[in-house]
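Read off the chains here:
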Amino acid sequence: MSATMGRGQRVVNVDQIWPNLVAGLTKIINLESVKMMPLIEDVYRLCTAHPRPYYEDLYNLFKKFIEEHADRIHEVINQSQSDLLGAYTRNWATFVIGADYCNHVFRYLNSHWINTPTASPLKGRLGAPSSTSRVPTYTIKDLCLHTWRTRVYTKLKPRLIMQALTIIEQHRNGDAVHLASVADLTRSIVHLGSVQKKQLEWYQQDLEIPFVSETESYYARESSSFIDTNGVSAYLEKAESRIHEETLRMQVLDLSSHKKLTQVVNMVLVNSHKERISNECETYLANSRISELNRVHRLLGRVDDGYSLVLQIVQKWISSAGYEKIRALSTADQNDPQKNIEALLTVHKSACDLVRNAFFDDPNFVAALDKACHQVVNETPDHNRSQAPELLARYCDTLLKKSKVNLEEAQLDESVAAVISLFKYIEEKDVFQKFYSKLLARRLILGTSVSDDAERALITGLKAECGFEYVNKLTRMLTDVTLCLDMNDVFNSYLHDNPALSLGKVDFSVMVLTAGSWPIQGQQTTFNVPEELESCLKVFNDFYHAKFQGRKLNWIHSLSKGEMKSCPKVLKRPYEFQLSVFQMAVLLMFNLSDTTTAESIATAVGLPADDLERTVLSLVESKIIIKKPPTKSLAPTDELRVNLSFASKRLKIKVISSVKTEKADDSPSTYKGVEEDRKMYLQAAIVRIMKARKELKHVQLVQEVINQAKGRFQPSVPVIKKCIEGLIEKEFLRRHDNESDRYSYVA
């Protein structure tokens, strides 16, 4: 083949040039040293020959050359029976680099003929247009890859895949084999797929599918046999080890296969045995086997819905442990605030430690813990209503009230935080609020609170759980106490500026409390204030009304207290008694006479019989006065006199207060008050909802009321229904004319 050139042009002869090209290409494809520039120039001369360039001839000659070369490689690889995969990958590595160099030599052909589908029709060897000429499908690089796939890879594929899977199995069995050849095979298949834009399709069909299938079969056999032979505990460790190994091993595959292979491994090693693994958790929980529980958490977390059964087991175990802790207490201890609540706090702390150490504070297990603790706190072991709201309020009172042994600040803060963590599980938060507000009022009025900061910290915690409205009155109580300190300073300044208003030897201070914020209205009683104190009350009344016009003071003597000093002429030592105002009034009677009767005291003091009896007997029990006859009750004719022989090691003596304390006997009345408050709350909620919605069906209204109230308590449907009927009678609501189960709001 030759082309005749014009004057000054050289004749281009394909038959003369091609042998030189073949010699150079042979060295290139075998990665031998060769000068490439002459080869590139030969290709250029053939592609620019006149009158006809030899594009197609050159392409067909190279195609034949690369096919013959591929056939020779196939024969070489085919002879390597023992290391077929290694021979394949080594020859492939050489071939693919050589193909890149060949592509570089033929880059003019690629750019001016193969990649130009709109080029002019080609002419045959005689100069006439070729009827069979067409633009080839492949560039020189792709032609090399296509040829390798059809003449080398396809013929060896079954044996290559089989040998690759065998190497993987040997590696899983612990044999000393190298996985590099498998990784090279993967890259080869993916590279070959790029020729026809089927990069992953061919790879998935040829290698990924059999690899994943073989993996599933292998681990299905091994896992079933191992767990039956060695038990769940050993299997957990084995499964984790296998998953880790397979994570490293899957690097021989294309990145696109990692997720599929991981899913298969998780399904076979974990999902297939998750029920058996989950059931074993009961033993692990009972024996505190944290390391096994760690593995259970890690493994079951790898599959969908893996925790479902374990969560049920953990929740049941925590609730059972809680009930066992409560059952271990005696009946008296179960009703004791400190012992009952400390038992619940111990259960909660143990459960939190378990969830943190065994399950890494996984939100799923935290939710299971919350459900279990909610059940234990709100239900007794016999599934009756728990007294936890009342007991927790009383526990707070014990915690925040001054005692002989007070907690350090850090311990107190920790205890307050623990109380809040338990409070969030209480359903009847309004019951807690009722008891807590009464006990807080007593601490603030009697000045027995151990720390203002601790009081505020607890109220802040309650606010975080239930909102501002829940703690509104509690906050105002603390505010009142702060304002009282300022008011007493102003009152003392007022006395200093008005010497005529001297209170004598009485050191007088007042707490002015906001009506409606303090739960003390029911503790008012009849009482004749002693003359020694009457002037103090009058002076303060005048001062207060002058400062705050329109306000009314209502004195609550049952909550008042004071200190009295004994006369050295009467008792041997100067004792200082801390007393309630009622006790003070009784003792002041003995300034007039050393001996008197109960009837005379009753007439002078004006207390109801039960309050008087409790007051007098408290002084008798303290041995400050002597009663005849020495009975445990008080009769009008009983004789009372000062104990002139009174003696005590202490000079400052606190006499047991005559103020009624919040005891278990008062609980029914408190609970009754809670029920009344609930009715008012539900009625207010119904009015709010109907005012906003105007019309609602019965079921919808009940559901919305429950949603609003569940943050404070769980309302019963019959109570809601009664509240609705009450509002209809009061004409806040009316039934719809055409639908009896639909209500309308009456403006």
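Not measured: the values here are computed from a predicted model.

Asks: Residues and numbers for a negative patch on the surface, please.
Replies: A contiguous patch of negative charge on the surface is contributed by E408, E409, D413, D452 and D453. Only α18 (409–423) and α20 (452–466) provide two or more residues apiece to the negative patch. As for its position among the elements, D413 is in helix α18.

Asks: Tell me about the pattern of salt bridges, residues and numbers included.
Replies: A pair can form between side chains of opposite charge whenever their charged atoms are brought close. Tallying each qualifying case throughout the model produces 40 salt bridges. The salt bridge involving D228 is made with R276; its shortest N-O contact spans 2.8 Å. On the criterion of sequence distance, the pair formed by D228 in helix α8 (residues 199–249) and R276 in helix α10 (residues 274–279) is long-range, its members being 48 residues apart. The class of D228 is exposed, set by a relative accessible area of 55%. Measuring nitrogen to oxygen at the nearest pair gives 3.8 Å for the salt bridge that ties E675 to R678.

Asks: Describe the packing of aromatic side chains, and please don't skip the residues or the numbers.
Replies: Per the counting criterion, the structure on display carries 31 aromatic pairs. Residues F432 and Y436 carry aromatic rings whose centres are separated by 5.4 Å and whose planes lie at 15 degrees to one another, so their mutual orientation is stacked. Pair noted here: F432 and Y436 are both in helix α19 (residues 429–446), with a separation of four residues, about one helical turn. In this structure, F432 and Y436 share a single accessibility class: buried. A ring pair is formed by F435 and Y671, whose centres lie 5.5 Å apart and whose planes are at 65 degrees; its orientation type is edge-to-face. Placement of the pair is F435 in helix α19 and Y671 in helix α26 (residues 667–693), with a sequence separation of 236 residues. Taking relative accessible area as the criterion, F435 reaches 0% and is therefore assigned buried. Among the residues examined, Y671 registers a relative accessible area of 16% and is labelled buried. Through a chain of ring-to-ring contacts, the aromatic side chains of F491, Y494, F508, F540, F543, Y544, F548 and W555 assemble into a single cluster. Positioned above the aromatic ring of Y218 is the side chain of R172, whose terminal nitrogen or guanidinium carbon lies 5.6 Å from the ring centre. A cation sits over an aromatic face here: K429 above F423, 5.4 Å from the ring centre.

Asks: Account for the sheet that holds strand β9 (residues 695–697), naming residues and giving values.
Replies: In a beta sheet, neighbouring strands are held together by backbone hydrogen bonds and run either parallel or antiparallel to one another. If you trace the three strands from one edge of the open sheet to the other, you get β9-β11-β10, paired in antiparallel fashion. Across the chains shown, the open sheet's two edge strands, defined by having one partner strand only, are β9 and β10 (733–735). Averaged over all adjacent pairs, the angle separating strand axes in this sheet is 30 degrees, with direction ignored. Both β9 and strand β11 (residues 742–745) contribute to a ladder of three bridges, which runs antiparallel. Bridge assignment links L696 to a residue of β11, and that residue is Y743. Packed on one face of the sheet, helix α27 (residues 698–709) meets β9 and β11 and runs near 95 degrees to β9. Packed onto the sheet, helix α28 (residues 717–729) meets β10 and β11 and runs at close to 100 degrees relative to β10.

Asks: Requested: an account of the confidence of the model for the protein chain, with residues and values cited.
Replies: Mean pLDDT for the protein chain: 87, with 93% of residues reaching 70 or above. In the model, residues 4–8 has pLDDT below 50 throughout and makes five contacts with residues more than four positions away in sequence or in other chains. Counting interchain partners and residues more than four positions distant, the pLDDT-below-50 stretch residues 118–135 has 22 contacts.

Asks: Tell me about the side chain of T89, and please be specific about residues and values.
Replies: For T89, the position within the fold is in helix α4 (residues 84–105). Here T89 falls in the buried class, since its relative accessible area comes to 7%. In terms of polar contacts, T89 uses its side chain to reach the backbone carbonyl oxygen of G86, at 3.0 Å.

Asks: Describe the environment of D677, with residues and values.
Replies: Structurally, D677 can be placed in helix α26. For D677, a relative accessible area of 38% puts it in the partly exposed group. Placed 322 residues apart in sequence, D677 and V355 show a C-alpha to C-alpha distance of 38 Å.

Asks: Account for the layout of surface pockets, naming residues and giving values.
Replies: Here the second largest pocket is characterised by a volume of approximately 630 Å³. Lining the second largest pocket are 23 residues, and of these Q433, K434, K473, D677 and R712 lie nearest its centre. A breakdown of the residues in the lining of the second largest pocket according to their chemical character gives nine nonpolar, six polar and eight charged.

Asks: Please give an account of the packing of helix α13 (residues 308–327) against helix α15 (residues 337–359) that cites residues and values.
Replies: It is at 9 Å that the axes of α13 and α15 come closest, and there the two elements cross at 155 degrees. Viewed along their axes, α13 and α15 adopt a mutual orientation that is roughly antiparallel. For the pair α13 and α15, the sense of crossing is right-handed. Every residue of α15 that contacts α13 at V314, W317, I318, A321, G322, K325 and I326 is listed here: N340, A343, L344, T346, V347, A351, L354 and F359.

Asks: Go over the environment of L446, please, and point to the residues and values.
Replies: Counting through the fold element by element, L446 comes out in helix α19. Excluding its chain neighbours within four sequence positions, the residues that come into contact with L446 are L559 and K561.

Asks: Any chance you could break down the sheet that holds strand β3 (residues 561–565) for me, citing the residues and the numbers?
Replies: Pairing within the open sheet is mixed, and its three strands lie in the order β3-β4-β8. With partners counted over all chains shown, the strands left at the sheet margins are β3 and β8 (652–654), one partner each. Between one strand axis and the next, the sheet turns by 25 degrees as a mean value, whatever way the strands run. In the sheet, β3 pairs with strand β4 (residues 576–580) via five bridges, with the strands oriented antiparallel. Counted as the bridge partner of M564 is F577 from β4. Where helix α23 (residues 581–588) meets the sheet, it contacts β3 and β4, and its direction lies at approximately 120 degrees from that of β4.

Thresholds applied
Residues numbered from 1 in each chain as written. Predicted model: local features only at pLDDT ≥ 70, side-chain atom pairs only at ≥ 80, totals over all residues. Heavy atoms only, no water. Patch = residues over 30% accessible without salt bridge, like charges linked within 9 Å, V, L, I, M, F, W, Y side chains within 5 Å. Areas by Shrake-Rupley, 256 points an atom, 1.4 Å probe, with all protein chains shown as cover. Salt bridge = Lys/Arg side-chain N within 4 Å of Asp/Glu carboxyl O. Lys, Arg positive; Asp, Glu negative; His and termini not counted. Charge placed at Lys NZ, Arg CZ, Asp CG, Glu CD. Helix = DSSP H or I, 4+ residues; strand = E, 2+ residues; numbered from the N terminus. Buried < 20%, exposed > 50% of the residue type's maximum accessible area, 1.4 Å probe, protein only. Phe/Tyr/Trp six-rings, centres within 6.5 Å; stacked < 30°, edge-to-face > 60°. Lys NZ or Arg CZ within 6 Å of the ring centre and 35° of its normal. Pairing = 2+ DSSP bridges. Axes fitted to C-alpha atoms, helices over the stretch in contact; angles between N-to-C directions. Contact = heavy atoms within 4.5 Å. pLDDT = per-residue confidence, 0-100. Polar contact = N/O pair within 3.5 Å; in protein donor to acceptor, adjacent residues only side chain to side chain. 1 Å grid on protein atoms, 1.4 Å probe; cavity = no way out; pocket = protein on both sides within 12 Å on 5 of 7 lines; lining within 4 Å. Points joined across faces, edges and corners; volume = space filled by probe spheres on them. Nonpolar A, V, L, I, M, F, W, Y, C, P; charged D, E, K, R; others polar. Parallel < 35°, antiparallel > 145°, perpendicular 65-115°, else oblique. Left-handed = near helix turned anticlockwise from the far one by under 90°.

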